[in-house]
Amino acid sequence: MTVKNLLVAQSGGPTAAINATLSGVLEAGLNSPHIGRVYGGFHGVEGMLSGKVVDLTPQLSDPEALRHLALTPGMALRSCRYKMPDPKKDDAPYATLLELFKKLDIGYFFYIGGNDSMDTALKLHHRCAQEGLDVKVIGVPKTIDNDLPETDHTPGFGSAVKYVCTSIVEVARDASVYPAQSVMVVEIMGRDAGWLTASSGLAQRAGGAPHLIYIPERAFDPDRFLSDLRELMTRERHVIVAVSEGIRDAAGDYVHADLPGVERSVDSFGHVQLSGAGRYLEHLIKTQIGCKVRSIELSVLQRSAGHCLSATDIAEAAEVGRQAVALALAGESGKMAAIRRLSDSPYRSDVVAVPLEKAAGLVKAFPSDWLSEDNRTLSQEAVDYFLPLIAGEMQTPFAEGLPCHFTFAENFVKL
Ligand code: F6P
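I will try to describe carefully the structure that is included in this document. Being a predicted model, the structure only gives us computed values, none of them experimental.

Moving on to the site of the ligand. Around the ligand, a shell composed of Gly13, Arg81, Ile144, Asp145, Met189, Gly190, Arg191, Glu245, Gln273 and Arg303 is seen. With respect to the ligand, the side chain of Asp145 contributes an N or O atom lying 2.6 Å from an oxygen atom. Alone, the ligand offers 400 Å² of accessible surface; in the complex the protein occludes 80% of this. Here the shell around the ligand is composed, by residue class, of two nonpolar, three polar and five charged.

Now for the side chain of Asp147. Within the fold, Asp147 resides in the loop between strand E5 (136-141) and helix H6 (157-175). Despite its burial, Asp147 pairs with no opposite charge, the nearest such side chain being Arg191 at 6.0 Å. One polar contact links Asp147 to Asn115, side chain to side chain, over a distance of 3.5 Å. Sequence-distant contacts of Asp147, defined by excluding residues within four places in its chain, comprise Asn115, Ala193, Trp195, Leu362, Val363 and Lys364.

Further remarks concern the nonpolar core. If you look at the biggest cluster of nonpolar residues, it comprises 38 residues, and the most contacted ones within it are Phe366 and Phe386. Elements that contribute at least two residues to this core include exactly H6, strand E6 (182-188), helix H7 (195-199), strand E8 (238-244) and helix H12 (380-386). Here this core takes nine residues from H6, the largest share from any one element. Contact partners of Phe366, with chain neighbours within four places excluded, come to Gly194, Trp195, Ala198, Ile215, Glu217, Leu371, Leu378 and Phe386.

For the pair helix H1 (residues 18-31) and helix H11 (residues 311-329), interaxial distance at closest approach is 7 Å and the crossing angle is 40°. The orientation of H1 relative to H11 falls into the category oblique. H11 is crossed by H1, and the crossing has right-handed handedness. In contact with Ala20, Thr21, Ser23, Gly24, Val25, Glu27, Ala28 and Gly29 of H1, H11 contributes Ile314, Ala317, Ala318, Gly321, Arg322 and Val325. Considered class by class, the residues forming the contact of H1 with H11 number seven nonpolar, five polar and two charged.

Analysis parameters
Residues numbered from 1 in each chain as written. Predicted model: local features only at pLDDT ≥ 70, side-chain atom pairs only at ≥ 80, totals over all residues. Heavy atoms only, no water. Near = heavy atom within 4 Å. Polar contact = N/O pair within 3.5 Å; in protein donor to acceptor, adjacent residues only side chain to side chain. Areas by Shrake-Rupley, 256 points an atom, 1.4 Å probe, with all protein chains shown as cover. Nonpolar A, V, L, I, M, F, W, Y, C, P; charged D, E, K, R; others polar. Helix = DSSP H or I, 4+ residues; strand = E, 2+ residues; numbered from the N terminus. Buried < 20%, exposed > 50% of the residue type's maximum accessible area, 1.4 Å probe, protein only. Lys, Arg positive; Asp, Glu negative; His and termini not counted. Salt bridge = Lys/Arg side-chain N within 4 Å of Asp/Glu carboxyl O. Contact = heavy atoms within 4.5 Å. Core = buried A, V, L, I, M, F, W, Y, C linked by side-chain atoms within 4.5 Å. Axes fitted to C-alpha atoms, helices over the stretch in contact; angles between N-to-C directions. Parallel < 35°, antiparallel > 145°, perpendicular 65-115°, else oblique. Left-handed = near helix turned anticlockwise from the far one by under 90°.

Written out as structure tokens, the structure is:
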């Protein structure tokens with residue numbers, strides 16, 4: 001087997017575990033006798049198109065570096081939201097990337113990302129094959145949304161669930177101190193899929209909140225919401241509501257589409273930047289019920305919280321990275337390194353190759369029967385699924401009382 005170089009890049013929204021996956025890829029690359037240099041593409045394919053590639057090999061000589069990287073949230077190689085065009089209409093970016101692969105003698109390319117990034121990996125795999133260029137392309141999953149098909153769950157999701165549930169427990173604790181009746185609305189990310197919002201139901205095990213859960217897969221009815229809330233308020237002094245950023249009405253429109261003062265940007269995949277579902281509910285409650293109400297948008301905090309990592313998530317994220325390299329070395333290409341659950345208790349999983357076609361650009365919805373029809377409780381199946389993913393605590397190293405993140409020097413190679 002001839003020695004070839006490895007190139008890895010990250011894309012899409014950050015998670016707290018995506019660097020653990022990166023550390024796994026790099027560790028396996030550095031340890032393989034079949035891999036020479038390990039390169040990082042900065043800002044995903046968008047940065048690679050302008051030559052933003054760093055030889056990471058000399059920056060990883062300290063054995064502690066990979067461990068520090070694994071516990072650092074965000075994306076050490078930065079990110080992009082860049083949609084590769086249809087190659088039949090515009091081949092230029094493909095030609096540039098293939099030229100880059102040739103110049104750097106790349107034999108293995110890993111793209112860590114969500115559904116859109118799997119689409120990029122698939123297109124590159126096809127284009128390399130068409131050119132007869134022997135580059136093994138493997139998609140490596142991540143996303144706090146957990147909406148990628150064909151993998152039991154996505155690395156990064158478990159840490160986001162842990163942060164969301166911890167926040168709900170803390171918000172409920174805070175609300176509980178006052179005698180006056182109140183409602184707290186917690187807005188959770190997840191765009192088209194309710195996995196993360198629904199997972200907040202786990203927090204009920206630590207005190208009862210959230211009392212109501214709204215996911216994008218179910219049409220939101222404001223009248224029913226208000227009557228459910230009024231009924232709950234006859235029994236609960238403090239009600240906590242978990243709401244997805246992506247809730248829509250029966251017509252399929254975002255309920256907060258017309259929220260004043262919100263400018264919505266759209267990325268190259270056509271995804272609208274969502275925010276405001278919590279504020280919409282806050283306004284509804286204030287005007288229709290009139291009690292004390294606060295909305296809390298967890299926003300990017302839920303995907304960047306290095307102080308509240310799931311140890312299971314971090315370990316598994318790194319393993320997915322290592323196994324992605326093993327798959328490429330075994331000759332696989334055009335595949336995604338997917339997590340397969342072997343058992344819930346004790347929790348066990350392994351990593352298998354699935355065709356990228358089965359995940360690229362697709363969304364896995366939250367199973368409707370995992371949340372009760374009254375939007376209040378998770379099914380036992382859902383609890384069994386979520387619970388192992390948040391097991392164990394880990395955190396980013398701290399220095400002088402502050403988080404200390406790993407960074408790469410951006411010494412771009414001369415091409
Ligand atoms: O990629 C997942 C995600 O975190 C979604 O939950 C969210 O809607 C989106 O990214 C936000 O993306 P951005 O930070 O690019 O606005």
